[in-house]
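Each chain is listed here by its residues.
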Amino acid sequence: MIEKVPFRLIQISDIHLFADAKRDLLGVKTEDSFQAVIDLLHQHEKHMDLILLSGDIAQDNSHDAYVRVAQALESFHVPVYCVPGNHDDPHTMAKVYPLATISNERHIVLKNWHIILLNSQRHQAVEGNFAESELIYLQRCLQKYPEHHAIIVFHHQPVPVGSKWLDNLGLKNAKEFWRVVKQYPKVHTVLFGHVHQEFETMVEGIKCYAVPSTCIQFKCQDAFKLENLPPGYRWVDLYEDGKLVTGVRRAANYVGVYDPHAKGY
Ligand SMILES: [Fe+2]
């Protein structure tokens, strides 16, 4: 139920945590940069209603990484929902979650909004793809609540973000996804991760938003390059009349020393 107006979601993405908290990803200790975002949330978000994790929670598929994320998020005392990214192992996630405040629910129904979480992971691939069963699940959710404004959350970008290397690694069957959602006029917004940068666009009247990673940031250009931007998160406010307002907040400083010559990750 939406008891307060607005209802605030927090989107966190691409944490890439290791079992060993001292390990780094291209020069950034992912534990430290994740902690910087946790601190930022504690500083700025005096009220939030739920947290969405849009994939790449663990870099190394380790049980310990998934547990540490749950421990860090427990301090917010709100439910947390997640989808797998290409670096995650859904089987490990299913063994660890639910844990603390992290749920394994995939459909969150509010008073006049609903949030549908999908698995866009293609086994052992960096690019994404929706299995037919995921698209059927999506349709069932949309059919069940035809009057609710819908937010759909998954990992891989369903639209080009303007970066050649990244756009080769997006959602491969995006056309099928859009064919489904265009049939449902109440689909309002799509939230995703994977691209490690702030991005927004609109497709057929549906807003699409990406969020910075909590660790390394990708520069929007044709070849892989890291960008010297701090980690961050997205906040999303939902209003009862169907209005959605969103923005990105970043930490004040870059966390760690990234490798400017990295050619990939
Ligand atoms: Fe990622």
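Notes on the structure follow. None of these values were measured; they are calculated from a predicted model.

The strands making up a sheet are joined through hydrogen bonds of the backbone, oriented either antiparallel or parallel. Pairing is mixed across the open sheet formed by five strands, whose spatial order is E5-E4-E1-E14-E15. Only two strands of the sheet have a single partner each, and these edge strands are strand E5 (80-82) and strand E15 (244-250). Ignoring strand direction, the axes of neighbouring strands in this sheet form an average angle of 20°. Those strands touched by helix H1 (residues 30-44) are strand E1 (7-12), strand E14 (232-238) and E15, and its axis lies near 40° from that of E14.

All right, on to the nonpolar core then. Of all hydrophobic cores here, the largest spans 67 residues; its most connected members are Ile57, Tyr66, Ile116, Leu118, Ile152 and Val153. Excluding residues that lie within four positions of it along the chain, Ile152 makes contacts with Ile116, Leu118, Leu138, Val181, Val187 and Val190.

Before going further, it helps to spend a moment on unusual backbone geometry. Cis geometry is adopted by the peptide bond preceding Pro98, which originates at Tyr97 and carries an omega value of 10°. With respect to the helices and strands, the residue Pro98 is situated in the loop between helix H3 (90-96) and strand E6 (107-109). Its identity as a non-glycine residue notwithstanding, Asp56 has a phi of 55°, on the positive side. Here Asp56 shows up in the loop between strand E4 (50-53) and helix H2 (63-73). The class for Asp56 is buried, based on 25 C-beta atoms found within 10 Å. For Ala100, which is not a glycine, the phi torsion comes out positive at approximately 50°. Within the secondary structure, Ala100 sits in the loop between H3 and E6. Judged by local crowding, Ala100 falls into the partly exposed class, with 15 C-beta atoms found within 10 Å.

With respect to the helices, strands and loops of the structure, Leu229 is situated in the loop between strand E13 (226-227) and E14. Here Leu229 falls in the partly exposed class, since 19 other C-beta atoms lie within 10 Å of it. C-alpha of Leu229 to C-alpha of His188: the two residues are 41 residues apart in sequence and 29 Å apart in space. For Leu229, the contacting residues outside a window of four places in its chain are Pro212, Gln217 and Arg250.

Further remarks concern the pairing of strand E7 (residues 113-117). Among the five residues in E7, five count as buried, and that is most of the element. Across the two faces of E7 the burial is the same, with Trp113, Ile115 and Leu117 and His114 and Ile116 all buried. Both E6 and E7 contribute to a ladder of three bridges, which runs antiparallel. From the neighbouring strand, His107 faces E7, where its bridge partner is Ile116. Where E6 folds back on E7, the antiparallel hairpin that results is connected by three residues.

An order of E6-E7-E8-E9-E11-E10 is seen for the six strands of this open sheet, with the pairing classed as mixed. Of all strands in the sheet, those with a lone pairing partner are E6 and strand E10 (199-203), marking the two edges. On average, each strand axis in the sheet is tilted by 15° relative to the strand beside it, whichever way the strands run. Relative to strand E9 (residues 187-192), strand E8 (residues 149-153) runs parallel, the two sharing four bridges. Directly across from Ile151, in E9, lies its bridge partner Thr189. Packed on one face of the sheet, helix H4 (residues 132-144) meets E6, E7, E8 and E9 and runs near 170° to E7.

Cut-offs and rules
- Residues numbered from 1 in each chain as written.
- Predicted model: local features only at pLDDT ≥ 70, side-chain atom pairs only at ≥ 80, totals over all residues.
- Pairing = 2+ DSSP bridges.
- Helix = DSSP H or I, 4+ residues; strand = E, 2+ residues; numbered from the N terminus.
- Axes fitted to C-alpha atoms, helices over the stretch in contact; angles between N-to-C directions.
- Contact = placed C-beta atoms within 7 Å.
- Core = buried A, V, L, I, M, F, W, Y, C linked by C-beta atoms within 7 Å.
- Buried ≥ 20, exposed ≤ 12 C-beta atoms within 10 Å, placed from the backbone.

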